[in-house]
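# Fold and geometry: a report
The lines below spell out each chain.
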Amino acid sequence: SQKIEQNSEALNIQEGKTATLTCNYTNYSPAYLQWYRQDPGRGPVFLLLIRENEKEKRKERLKVTFDTTLKQSLFHITASQPADSATYLCALVPTDSWGKLQFGAGTQVVVTP
Amino acid sequence: GAGVSQTPSNKVTEKGKYVELRCDPISGHTALYWYRQSLGQGPEFLIYFQGTGAADDSGLPNDRFFAVRPEGSVSTLKIQRTERGDSAVYLCASSQEGGAGANVLTFGAGSRLTVL
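Residues numbered from 1 in each chain as written. Chains lettered and ligands numbered in written order. Predicted model: local features only at pLDDT ≥ 70, side-chain atom pairs only at ≥ 80, totals over all residues. Heavy atoms only, no water.

Next up on the list: the overall build of chain A. Within chain A, the secondary structure is distributed over 0 helices and 11 strands. In sequence order, the secondary structure elements of chain A are arranged as β-β-β-β-β-β-β-β-β-β-β. A compact globule built from 113 residues would reach a C-alpha radius of gyration of about 13 Å, and chain A, at 14 Å, matches this within 12%. Considered along the principal axes of its C-alpha atoms, chain A spans approximately 45 × 30 × 20 Å. The burial tally for chain A puts 46% of its 113 residues in the buried class. Across chain A, the fraction of contacts at a sequence separation of at least 24, relative to all contacts at a separation of at least 6, is 54%. (Helix = DSSP H or I, 4+ residues; strand = E, 2+ residues; numbered from the N terminus. Rg over C-alpha atoms; globule rule 2.2 N^0.38 Å. Buried < 20%, exposed > 50% of the residue type's maximum accessible area, 1.4 Å probe, protein only. Contact = heavy atoms within 4.5 Å.)

In this structure, Phe-45 of chain B sits in strand β5 (residues 44–50). Between the C-alpha atom of Phe-45 of chain B and that of Asp-56 of chain B, which follows or precedes it by 11 residues, the distance is 9.8 Å.

What follows concerns the pattern of salt bridges. Where charged atoms from two side chains of opposite charge come close, those side chains can pair. Going through the model one piece at a time under the given rule, you end up with 8 salt bridges over all chains. One salt bridge in this structure joins Arg-61 of chain A and Asp-84 of chain A, with 2.9 Å as the shortest N-O distance. In this pair, Arg-61 of chain A sits in the loop between β6 (56–59) and β7 (62–67) while Asp-84 of chain A sits in the loop between β8 (72–77) and β9 (86–94), placing the two residues 23 residues apart along the sequence. Residue Asp-86 of chain B is joined to Arg-64 of chain B by a salt bridge in which the shortest nitrogen-to-oxygen separation is 2.8 Å. With a gap of 22 residues between them, Asp-86 of chain B in the loop between β8 (75–79) and β9 (88–95) and Arg-64 of chain B in the loop between β6 (53–56) and β7 (65–68) connect regions that are remote in the sequence. We note that Asp-86 of chain B, like Arg-64 of chain B, is buried. One network of salt bridges, in which partners are shared, links Arg-64, Glu-83 and Asp-86 of chain B. (Salt bridge = Lys/Arg side-chain N within 4 Å of Asp/Glu carboxyl O.)

Note on interface size: it is often stated as the accessible area lost on association of the parts. Taken together, the contacts link 22 residues of chain A with 25 residues of chain B. Both faces considered, chain A and chain B share a buried interface measuring about 1700 Å² in area, 55% of it formed by carbon and sulfur atoms. Joining chain A to chain B, the criterion identifies 0 salt bridges. Inspection of the chain A/chain B interface yields 8 residue pairs in polar contact (both at pLDDT 80 or more). Of all elements in the fold, only β4 (30–38), β5 (45–51), β9 and β10 (102–103) of chain A reach the threshold of two or more residues within the side of chain A that touches chain B. Here the side of chain A that touches chain B gets 4 residues from one element, more than from any other, and that element is β4 of chain A. Partitioning the side of chain A that touches chain B into residue classes produces 11 nonpolar, 8 polar and 3 charged. (Buried area = accessible area lost by both parts, 1.4 Å probe. Polar contact = N/O pair within 3.5 Å; in protein donor to acceptor, adjacent residues only side chain to side chain. Nonpolar A, V, L, I, M, F, W, Y, C, P; charged D, E, K, R; others polar.)

A separate point is the nonpolar core. Counting residues in each nonpolar core, the largest one holds 23 residues, and the members touching the most others are Ile-4, Cys-23, Leu-33, Trp-35, Phe-75, Tyr-88 and Leu-92 of chain A. Leave out the neighbours within four places in its chain, and Leu-33 of chain A touches Cys-23, Leu-48, Leu-49, Ile-50, Phe-66, Ser-73, Cys-90, Ala-91 and Leu-92 of chain A. (Core = buried A, V, L, I, M, F, W, Y, C linked by side-chain atoms within 4.5 Å.)

And the structure:
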């Protein structure tokens, strides 16, 4: 069966360090993969998108990698700040139904000053 | 509107009752999505619309759930004979037409449904 796995344990990190989150998937051949941020009581907010033929994408302090051989995406937050504290969700977009995003359970990041 | 608007923000109902949740997408967005999210879980796909038609409703859990988008804008998610297991946050999102391109979803704040 199809599965998307993200670290279930919260990631506690000190301000200024790099946070690295993992998204692993099985039995999927996604067209592309997205990362969202979700704050308590709010809907997810889009951050970055990476296509299957791309290895890496960057946006300001964020970096995403995508390895279709390993079936894994890594999400990095460099020079982390307390305002980065949130839950981060990965979402896979299948090739046969582009509107049917499949989300992981998310990883909570806590950045302490 | 400026963002995706969902009403009500909170709904408490009794088991067996009928519930409607409304979503007003961003103006001009042709695609609209419904997800539901339980505590500690990621959003679970329910249905998405392209215009007025449901392009994929494979996530609707059973025939108690139904969604409409009659004019290609506002959508209503309808739940009949609610059960306690239906309790969750129901998220609506919209996007510009995607297809082979990148459909970036803009989510609303959600409607929290509690079935007693």
